[in-house]
Amino acid sequence: MAADFLRRHQSGGGYDEETWPDTMRLLILIYTELTDDGPVLLDFAAKAEEARVSVEDLRAEVEWLVEHEFLALDGDVGGVARLWVNPSVAFLPGTDPRVAAARHRFPYIGVAEGGMSAGQPVIVHPYELELWEAVYDAQRDMFEDPPCFSSDGCAIHGPRTS
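Given the structure is predicted, the values throughout are model-derived calculations rather than measurements.

Visitor: Which residues make up the sheet that holds strand β1 (residues 40-43), and what are the values?
Guide: The three strands lie next to each other as β1-β3-β2, forming an open sheet whose pairing is antiparallel. The open sheet is flanked by β1 and β2 (71-77), the only strands paired with a single partner. Pairwise comparison of adjacent strand axes, ignoring direction, gives a mean angle of 30 degrees for this sheet. Note that β2 and strand β3 (residues 80-85) share five bridges and pair antiparallel. When the bridges of β3 are listed, L73 appears paired with L83. Running at roughly 75 degrees to β1, helix α3 (residues 44-51) makes contact with β1, β2 and β3 of the sheet. Along the sheet, helix α4 (residues 55-67) contacts β1, β2 and β3; its crossing angle with β2, the most-contacted strand, is approximately 135 degrees.

So, in structure tokens, the structure goes:
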């Protein structure tokens, strides 16, 4: 939500539904490619087709997300980009968010209380090891033993046995 809130705030709060990029939907499409705490390989042509946007629009959105440190770009060869996701906005349960945060010195990004009604709807804390340690400690159970909401079991823990 932080990325979507920041986009709306930068545009003065309003946007044209027909022409505005759907930041949240595009981020979700990128996040679904997460594995462990490694990078996402984003094939721009394939993901643009899946998202039903042009390759140019997808590239522009990724550039904006990189500029605002929601993502880090680590190469773009032959239309396939290697992206790292800021773990303050998405992480794969069971992974340690501190690894990617330290590697790219990601800021900790959060939504302000009140969301879009706040003067600054997004709070960006510059990278600090101590802050990421505090986030990890406060949410240790989520990172080490995430809840499973599937009756079929979770891939990270394997199928449940009764």
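Visitor: Provide a residue-level description of helix α2 (residues 23-31), including the pertinent values.
Guide: Residues that lie three or four places apart on an α-helix share one face, since the helix turns once every 3.6 residues. Here α2 has its buried residues at T23, L26, L27, L29, I30 and Y31. Of the surrounding elements, those touching the buried residues of α2 are α1 (2-10), β1, α3, α4, β2 and β3.

Visitor: Got a sec to walk through the packing of α2 against α4? Specific residues and values, please.
Guide: Here α2 crosses α4 at 85 degrees, and the two axes come no closer than 11 Å. The angle between α2 and α4 places the two elements in the roughly perpendicular class. Contacts between α2 and α4 involve T23, L26, L27 and I30 from the first element and L58, E61, V62, W64 and L65 from the second. Of the residues contributing to the contact of α2 with α4, the split by class is seven nonpolar, one polar and one charged.

Visitor: Can you explain empty space enclosed by the protein? Please cite residues and give values.
Guide: If you walk through the whole model with that rule in mind, you get one cavity of 30 Å³ or more. The calculated volume of the largest cavity comes to roughly 100 Å³. Lining the largest cavity we find 14 residues, and of these L34, D36, D37, V85 and A100 sit closest to its centre. Put simply, the parts of the chain that give the lining of the largest cavity at least two residues each are β3 and α5 (97-104). Among the residues making up the lining of the largest cavity, the classes are represented as nine nonpolar, two polar and three charged.

The rules behind each value
- Residues numbered from 1 in each chain as written.
- Predicted model: local features only at pLDDT ≥ 70, side-chain atom pairs only at ≥ 80, totals over all residues.
- Heavy atoms only, no water.
- Pairing = 2+ DSSP bridges.
- Helix = DSSP H or I, 4+ residues; strand = E, 2+ residues; numbered from the N terminus.
- Axes fitted to C-alpha atoms, helices over the stretch in contact; angles between N-to-C directions.
- Contact = heavy atoms within 4.5 Å.
- Buried < 20%, exposed > 50% of the residue type's maximum accessible area, 1.4 Å probe, protein only.
- Parallel < 35°, antiparallel > 145°, perpendicular 65-115°, else oblique.
- Nonpolar A, V, L, I, M, F, W, Y, C, P; charged D, E, K, R; others polar.
- 1 Å grid on protein atoms, 1.4 Å probe; cavity = no way out; pocket = protein on both sides within 12 Å on 5 of 7 lines; lining within 4 Å.
- Points joined across faces, edges and corners; volume = space filled by probe spheres on them.

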